[in-house]
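What follows is the residue order along each chain.
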Amino acid sequence: MILVLLMLFLSTPLLAAEMKASLVEYRKVMDLTGTAESEMVMPTDVAIGKGQRVYVVDSGNHRVLAYAADGSFLFAFGSKGSGAGQLDSPVGIAASRDGRVLVADRGNRRVQIFDSDGAFLKTITTILGDAEVVPVDVAVDQAEKRIFVSGSAPYHRLLIFDNSGKAIGIWGKPGNNFGEFRYPAALAVSKDDETYIVDVFNTRVQVLNDKGEYLVTVGSWGVTPGHLFRPKGVAIENDDQILVSDSYLGVIQIYNSDTRFHAVLGTNGEIARFDTPAGMTVDKRDRLYVAEMLANKVSVFQPVQAQ
């Protein structure tokens, strides 16, 4: 399973050094690196939950780490296995306002739901009929009544569940046309209930409305500013700007709310370099949390103008 994750997320700084673009300046706030007893191994995603707790998928250790808003470690939950509350190479995570923490338990073909303190609540299986769907990421809608799950190969679709875990819909199908996917991965839901899906092998982010209808695409294939080579994470800032991480180029690009390319994230007047940036999220203070998979940490940044 670790090899599969590496294939999906592997990066190189080769092309990042060649990018020339306008920058939006951020400053480094802190790094989250694990616990006193054990460091993170291949973190893949991060979410902000109730009380501004920060939850990190520590995929290589088959667990989730919880931090306070100031970065102090609180607790960990999960361990390798297939029992209730155990995890096998988890990838994506989401947290709801009502305190639930949802984890895409990739190796066990399920989504597990925990309370804000890491206590196991329930399981949603992603094996539907004869289709064994590999969950990559999970998100909830604004009303917190629907759960979205991106399904990897060979399914290449989004699964929709209600809060009871009942499957209520399927969006998309394999392909490269609008509304079709090749390795749908990270998810983000906007204030307008639009779902942003990182469509990895189609090198784009697709945006669907609350009925699953295609609206617009963010980015396209390429290695110059505004283009994507291996997109992995997506986050929506409080002003509706769209952030997309590129694990191959090792950068984060910023698009306006109308999906036009705006700038590359920078620090100290230079393009910020990341080691395999994957899942991301933004908190209420506009702090950006980036899971750097091969650096074994979550990097936290603040826009300079938001200090």
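The preceding data block contains the structure.
The structure reproduced in this document is the subject of the present report. Small disclaimer: the values here were computed from a predicted structure and weren't measured. (Residues numbered from 1 in each chain as written. Predicted model: local features only at pLDDT ≥ 70, side-chain atom pairs only at ≥ 80, totals over all residues. Heavy atoms only, no water.)

**Observations regarding the overall build of the protein chain**
The helix and strand tally for the protein chain stands at one helix and 27 strands. Viewed in the frame of its principal axes, the protein chain has a C-alpha envelope of about 50 × 45 × 35 Å. Long-range contacts, defined here as pairs at least 24 residues apart, represent 48% of the contacts in the protein chain between residues at least 6 apart. For the protein chain, the accessible area works out to roughly 12000 Å², and carbon and sulfur atoms hold 50% of it. Each charge sign in the protein chain was given a centre, from 30 positive and 36 negative side chains, and these centres are 2 Å apart. (Helix = DSSP H or I, 4+ residues; strand = E, 2+ residues; numbered from the N terminus. Contact = heavy atoms within 4.5 Å. Areas by Shrake-Rupley, 256 points an atom, 1.4 Å probe, with all protein chains shown as cover. Lys, Arg positive; Asp, Glu negative; His and termini not counted. Charge placed at Lys NZ, Arg CZ, Asp CG, Glu CD.)

**Observations concerning unusual backbone geometry**
The general pattern is negative phi for most residues beyond glycine and trans for most peptide bonds. Looking along the chain, the bond that leaves Ala 153 and enters Pro 154 is cis, with omega of 0°. Following the sequence through the fold, Pro 154 ends up in the loop between strand E13 (146-151) and strand E14 (157-162). In the Ramachandran plot, Asp 240 falls in the positive-phi region, its phi being about 75° despite a non-glycine side chain. With respect to the secondary-structure elements, Asp 240 resides in the loop between strand E20 (231-236) and strand E21 (242-246). Its identity as a non-glycine residue notwithstanding, Thr 259 has a phi of 75°, on the positive side. With respect to the element layout, Thr 259 can be found in the loop between strand E22 (251-255) and strand E23 (261-267). Residue classification places Thr 259 among the buried residues on the basis of a relative accessible area of 15%. (Buried < 20%, exposed > 50% of the residue type's maximum accessible area, 1.4 Å probe, protein only.)

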